[in-house]
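A closer look at the structure
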Amino acid sequence: ETPILSVDDSDACEWEKGSIYQPWLVEHEGLHYNFYNAKKMPEWIEQMGLATSNNLFDWNRSSSNPIIQVTTNGYDERFVADGKVFRDNDHWVMFYFGVNCDGAHIMVAFSTDLVNWTTDPEPLYKAGGHPGDLDKEHAHKISLVWNPADQTWYLF
């Protein structure tokens, strides 16, 4: 069994040499997009990578990697992780979680081509919810569900 991406690949970069995980696959116009977490150690900085494939066997890393980087002094200054990409009319939306010293927050980024992303510096949802609940420190690992009955997306 050979992984589709490995930290040992000749084209793997320093920012992803610690680990590669959490793929999210999207197909658009015959091309497959693999959005993945990658970590740099020993700092444990996670950023979002992209690889594409025409056949799901042979993958090419994007020359724009990491496509979403951590932001100095931002809500995502340590992690940009677990990207989930969805089409919204004429553009793409990526929900991800960002981590800083205050915890994990739900963040969002936008793209028209699946390669170049613009992040919103403010979280959609900040850690620090109810003091007795799970989101006191970490608000992350999102799910997005479409309800056709009321034509609404629900974020969990």
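Conventions we followed
Residues numbered from 1 in each chain as written. Predicted model: local features only at pLDDT ≥ 70, side-chain atom pairs only at ≥ 80, totals over all residues. Heavy atoms only, no water. Salt bridge = Lys/Arg side-chain N within 4 Å of Asp/Glu carboxyl O. Helix = DSSP H or I, 4+ residues; strand = E, 2+ residues; numbered from the N terminus. Buried < 20%, exposed > 50% of the residue type's maximum accessible area, 1.4 Å probe, protein only. Phe/Tyr/Trp six-rings, centres within 6.5 Å; stacked < 30°, edge-to-face > 60°. Lys NZ or Arg CZ within 6 Å of the ring centre and 35° of its normal.

With that out of the way, let us pick up the pattern of salt bridges. Going through the model one piece at a time under the given rule, you end up with four salt bridges. For Asp-9, the salt bridge identified is with Arg-61, shortest N-O distance 3.1 Å. Taken together, the residues Asp-9 in the segment before strand E1 (19-28) and Arg-61 in strand E4 (residues 60-61) connect sequence positions 52 residues apart. For the salt bridge of Glu-16 with Arg-61, the shortest nitrogen-to-oxygen distance reads 2.9 Å. In this pair, Glu-16 is assigned in the segment before E1 and Arg-61 in strand E4, connecting sequence segments 45 residues apart. Summarising the burial analysis for this pair, Glu-16 and Arg-61 share the class buried.

What follows concerns the packing of aromatic side chains. This structure, assessed with the given rule, holds seven aromatic pairs. A connected cluster of aromatic rings, assembled from ring pairs, spans Trp-24, Phe-86 and Phe-95. Lying across the ring of Trp-44, Lys-39 places its NZ or CZ 4.0 Å from the centre.

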